[in-house]
Structure formats: C-alpha cells, structure tokens
Amino acid sequence: QVQLVESGGGLVQPGGSLRLSCAPSGSIFSINAMGWYRQAPAKQRELVASITRGSQSRYTDAVKGRFTISRDGAKNPVYLQMNSLKPEDTAVYYCFADVMDPDGIPSRSWGQGTQVTVSS
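Each value, and the rule that gives it
- Residues numbered from 1 in each chain as written.
- Predicted model: local features only at pLDDT ≥ 70, side-chain atom pairs only at ≥ 80, totals over all residues.
- Heavy atoms only, no water.
- Helix = DSSP H or I, 4+ residues; strand = E, 2+ residues; numbered from the N terminus.
- Buried < 20%, exposed > 50% of the residue type's maximum accessible area, 1.4 Å probe, protein only.
- Contact = heavy atoms within 4.5 Å.
- Pairing = 2+ DSSP bridges.
- Polar contact = N/O pair within 3.5 Å; in protein donor to acceptor, adjacent residues only side chain to side chain.
- Salt bridge = Lys/Arg side-chain N within 4 Å of Asp/Glu carboxyl O.

A.B. asks: For this particular structure, what's the right way to read the side chain of Ser-21?
C.D. replies: When you line up the elements, Ser-21 lands in strand β3 (residues 18–26). Judged by relative accessible area, which is 15%, Ser-21 ranks as buried. With residues near it in sequence (within four places) discarded, Ser-21 still touches Val-5, Glu-6, Ser-7, Trp-36, Pro-77, Val-78 and Tyr-79.

A.B. asks: Before we go on, may I ask you to explain the pairing of strand β9 (residues 91–100) in this structure?
C.D. replies: The side chains of a regular strand alternate between the sheet's two faces. In terms of burial, β9 is a largely internal element, seven of the 10 residues being buried. Here strand β4 (residues 31–39) runs beside β9; their pairing, made up of seven bridges, is antiparallel. What sits directly across from Gln-39, in β9, is Val-92. Linking two consecutive strands that pair antiparallel, namely β9 and strand β10 (residues 106–110), is a turn of five residues; a positive phi of about 80° is found at Gly-104 within it.

A.B. asks: I keep staring at the side chain of Arg-66 and nothing clicks. Help me out?
C.D. replies: Topologically, Arg-66 is positioned in the loop between β6 (57–59) and β7 (67–71). Polar side-chain contacts of Arg-66 include one of 2.9 Å to the backbone oxygen of Ala-62. Within polar-contact distance, the side chain of Arg-66 engages the side chain of Asp-89 at 2.8 Å. For Arg-66, the residues in contact, after removing those within four places along its chain, are Gln-81, Met-82, Asn-83, Ser-84, Leu-85, Lys-86 and Asp-89.

A.B. asks: Which parts of the structure should I look at to understand the pattern of salt bridges?
C.D. replies: Any two side chains of opposite charge can pair, so long as their charged atoms come close to each other. Tallied over the full model, the rule gives five salt bridges. In this structure, the salt-bridge partner of Asp-89 is Arg-38, at a minimum N-O distance of 3.0 Å. Pair noted here: Asp-89 is in the loop between β8 (78–82) and β9 and Arg-38 is in strand β4, with a separation of 51 residues, a long-range link. The same class applies to Asp-89 as to Arg-38, namely buried. Across the salt bridge formed by Lys-64 and Asp-61, the nearest N and O atoms sit 3.0 Å from each other. One network of salt bridges, in which partners are shared, links Arg-38, Glu-46, Arg-66 and Asp-89.

Structure, rendered in structure tokens:
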C-alpha cells in the first residue's frame, strides 16, 4: 500500500508561481506512474500532468509550457512546478500514484488534495 502526502498549495496572484509536492511512503517500490489531477468547483476532475518511472511526462493542453512535473527517483517526492498561473487554474489538486501489487494487480492511490487559488 502507498500513502501520499501533499503540500505546497495556497493563494497566489495571477502570473505567480507555486510548487506542489507529493511525498510517497509505504510500498514505494511498486509505484509506476505518478501525477496530478485537479478539480474545480462544479467541474469534473481532470488530469493535469503525469510522469512515468522512466521520467516520461505528459501534460494537459491547458498547462503545457507553464507547468513542469518532476520526480527524482522512486523514493523521492514528485513535484509540480506551476508558473504563469491563471485564475482558471484554481482547483483542488490531487496527487496520485499507480501501483502494482506482488500479484500484478494494478491500483491507484490518492493524496488528500491541496487547494490552489489564483486571484488578485
């Protein structure tokens, strides 16, 4: 089982930056991809960015060129550097980790969520 602890959310003005962190613990050897979803009020949860064990990253079109996901090894946190923030980036951001148990059964673990508010 994998536990995820997020940090780094907050209030920032448009054009500002924030860095989210997601620290894994538990059966971290079983982690494959990690990443972030976000959910704004009255909207569906959407995938923001993900990164594989081999450091291949993907981004939703709305954040390309502004957000960067990084991960320095399986034991270390995954980070989401968010630059040039816009009011439409306001949401609760959830970290996830895709894991494989010893029997080869995949599952997904979630963080508790961290609020990001972009407002002047």
